[in-house]
Amino acid sequence: MAEAAQMQVSDEVAVQIENMNKWYGTFHVLRDIDLTVYRGERIVIAGPSGSGKSTLIRCINALEEHQKGRITVDGTLLSSDLKNIDKIRSEVGMVFQHFNLFPHLTILENCTLAPIWVRKTPKREAEETAMHFLEKVKIPEQADKYPGQLSGGQQQRVAIARSLCMRPRIMLFDEPTSALDPEMIKEVLDTMVELAEEGMTMLCVTHEMGFAQAVANRVIFMDAGQIVEQNEPKEFFNNPKHERTKLFLSQILGH
Amino acid sequence: MSDTHQQSIGYVRDSMLPQATPPASETGAVKWVRQNLFLNIPNSILTLVAIFVLYKLLAGFLPWFLNGVWDAPSIRACREVLDGDAGGCFAVLTERWNQLLFGFKYPSELYWRPTLAFVLLFVAIAPVLFRKVFPAQMLIFTALYPFIAYFLIWGGSILIPIFALLGFVAGYLVYSRFVTQSFAMGFFGGIVAAFVFWWITGLLPIEGILALEPVASRDMGGFMLNLILGTVCVSLSIPFGIALALGRQSDMPIIKWICVVFIEFIRGVPLITLLFVANVVLAYFLPPGTNFDLILRVIIMITMFASAYIAEVIRGGLAALPRGQYEGAESLGLDYAQSMRLIILPQALKISIPGIVNVAVGLFKDTTLVSVISMFDLVGMIRGPILASTEWNGVYWELLGFAALLFFVVCYGISQYSQWLERQLQTDHR
């Protein structure tokens, strides 16, 4: 599968990050990040907590502001221009650790809201698309329920479907399985694997190393706000170069 | 039953045994009384004391109420009819009924106009309060209602409310024309357009064209005045409160500080003071000769006061929302206005309902404060013209009890509605 996945990567650039720096107040969270993501690539970002993984992908859709450097998403330069930011956000789907579904709307309304208001899709068409993606994540029967009535795994799959309804060209995952019970992690990972097989460009912050080995074509290891090492998963896990990476891998794979 | 089984089964019951009733002490009223009223000795004592207090209250109230005189020209006539017995003099309510409701200067042959406006009020608010029951098209009437009600209550040329309405339309057209370029441009352009329109039409000689007989603001009074002030101020202060709450959260420092200063200043000043300002001081600041309607001034002051409170209530609701809701909305590409309208405010307002209702109920009762600046609302009528008259001097309980009852009915209704609404909006953990 990894080989098949490899072939879908084009040399078209999806995200280009050049010399990006970010501070929280005086705290230097991200240092000199350079990263190029090609269309169809599936990147897993790993690293100890506090290393800036989440902050990095949140910078890509401007949920966090960077102070220095350039981020180009799908050819659009990310600046403080709100029109550019909204354009990028509508092209980039994001899945959060805590799902962030809208509790006052039904599952279907959660999925149709952005297409209707941002893309100006007619309601009927948006609902058809929503049902299509809800079927894809295997919960079409829950469409008329409210998020509070669903299990964590189901909510996360709805969140993925909600992002997909905008037909994004890039998907960001911010620890999508960290808030889930163990038996629900699999159903979410299965959905993500399926998505990866269809050639979606994905950046995924996760501690699921099995997922990284199965679908990623690049693993990035971050520590203290820097990209320490990046490599193909096989090389990364079997033959880490950097001391810090070896220590990290021994800790999370050791037991 | 088939024949084969007839031998093997000796006896089959073909009807149910009647159920035995549980012991009388364990069911119905007896059990309820025992469990709730006479469970143990202290409980029983409290029950007896409560019954005694209730008895005393009713023994005082019921004869007074049932013995009441409903038809008499004055308090002295009342006393003659009662002839020393305990009894209320409710004749004042029937005799001064119209004054209590409409004040003492509103022309009596025109009472049908505010009454009609009152009835139409229910038609106007029904689609707002019960969205699922009434068709959305009724909201068009709701939008037109303020102008219709103004025309009915104040009278004058029908062109006044029509021009007022057209001013809003003109403002909206300019807004939607320019908002695509920038929100600020559309917003201020719309406001300017509306004012220019009003200013031009204000110069036209429209007096008397298709007119109802005009009634001046100073002739408004009675419970009608409380209802006008209450309805207008509540419906204005909620949108202003929302705007202030959002402004206080704004990233733009000037807007933020304007909102903070406004809210803190208004909350720090008693409403009475603001009403005096409206009544007296404001006149000094206005150019001489301008006739700035008193009711309008009072409406502005009460609205400012209530919106400052509502803004703080809504700020609490906004603060209670997890950060993830903002991020979820942002990550889907919704712009600020959309994410506020569709995601943040529906949830924040739902959380704020009890607080908003609290302010609304308080505001409605506070409309009686206008009696202090010599406006004759329900309480002003009672304290002034009615109690001061020779016929009814001294009928306190009946009049003020009636005022309390009117306010209670409205406020209890608001409170019940809000509880129903909260249950309707309950979507989590069902």
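Up top is the structure.
Numbering of residues starts from 1 in every chain and runs along the sequence as written. Going through the entries in the order they are written, you letter the chains from A and number the ligands from 1. Reporting of local features is limited, given that this is a predicted model, to residues whose pLDDT is at least 70; pairs of side-chain atoms are given and counted only at 80 or more, and all residues count toward the totals for whole chains, interfaces and linings. Each side-chain value is worked out from all heavy atoms of the structure, with water and hydrogens disregarded.

Chemist: Before we move on, can you summarise the state of the cysteines with the specific residues and values?
Modeler: For this text, the term disulfide refers to a pair of cysteine sulfurs within 2.5 Å. One pass over the structure, following the stated rule, counts 1 disulfide over all chains. Between A:Cys165, a free cysteine, and A:Cys111, which holds the nearest cysteine sulfur, the sulfur-to-sulfur gap is 4.5 Å.

Chemist: Explain a nonpolar patch on the surface to me, using residue names and the numbers behind them.
Modeler: Patch definition: residues with relative accessible area over 30% and no salt bridge; like charges joined within 9 Å; nonpolar side chains (Val, Leu, Ile, Met, Phe, Trp, Tyr) joined within 5 Å. Working definition of accessibility: Shrake-Rupley area with a 1.4 Å probe, residue cover restricted to the visible protein chains. Should a side-chain nitrogen of Lys or Arg be within 4 Å of a carboxyl oxygen of Asp or Glu, the pair is scored as a salt bridge. A contiguous nonpolar surface patch, about 860 Å² in accessible area, is contributed by B:Ile41, B:Ile45, B:Val49, B:Phe52, B:Val53, B:Leu54, B:Tyr55 and B:Leu57. For B:Val53, a relative accessible area of 43% translates into the label partly exposed. Burial here depends on accessible area, computed with a 1.4 Å probe over protein chains only, as a share of the maximum for the residue type. Under 20% is buried, over 50% is exposed, and the range in between is partly exposed.

Chemist: Summarise the sheet that holds strand S3 (residues 42–46) of chain A; cite the residues concerned and give the values.
Modeler: Residue and element names in this part refer to chain A. Taken together, 6 strands build an open sheet; the order of strands is S6-S7-S8-S3-S9-S10 and the sheet is mixed. Only two strands of the sheet have a single partner each, and these edge strands are strand S6 (92–95) and strand S10 (226–231). Pairs of neighbouring strands in the sheet enclose a mean axial angle of 20°, with direction left out of account. Strand pairing follows a simple DSSP-based rule, namely that at least 2 bridges must link the two strands. Runs of H or I in DSSP of at least four residues are treated as helices and runs of E of at least two as strands, each being numbered from the N terminus. Taken together, the 4 bridges between S3 and strand S8 (residues 201–205) define a ladder with parallel strand orientation. Bridge pairing in S8 places Ile-43 opposite Leu-203. The contact rule is simple, with two residues in contact once any of their heavy atoms fall within 4.5 Å. Here, axes are lines fitted to C-alpha atoms. For helices the fit covers the stretch in contact, and angles between N-to-C directions go from 0 to 180 degrees. Each of S6 and strand S7 (170–174) is contacted by helix H6 (residues 152–164), which is oriented at about 170° to S6, the strand it contacts most. Where helix H7 (residues 182–197) meets the sheet, it contacts S3, S7 and S8, and its direction lies at approximately 145° from that of S8.

Chemist: I'd like to hear about the pattern of salt bridges, residue by residue, with values.
Modeler: Working definition: two side chains of opposite charge can pair if their charged atoms are close together. Applying the stated criterion across every chain, the model contains 25 salt bridges over all chains. Across the pair A:Glu64 and A:Arg58 runs a salt bridge whose closest N-O atoms are separated by 3.2 Å. The two residues A:Glu64 and A:Arg58 agree in class, both being buried. In this structure, A:Lys241 and A:Glu235 form a salt bridge, with 3.7 Å as the shortest nitrogen-oxygen distance. A relative accessible area of 52% places A:Lys241 in the exposed class. Connected through salt bridges with shared partners, the residues A:Lys22, A:Arg58, A:Glu64, B:Arg323 and B:Glu327 form a single ionic network.

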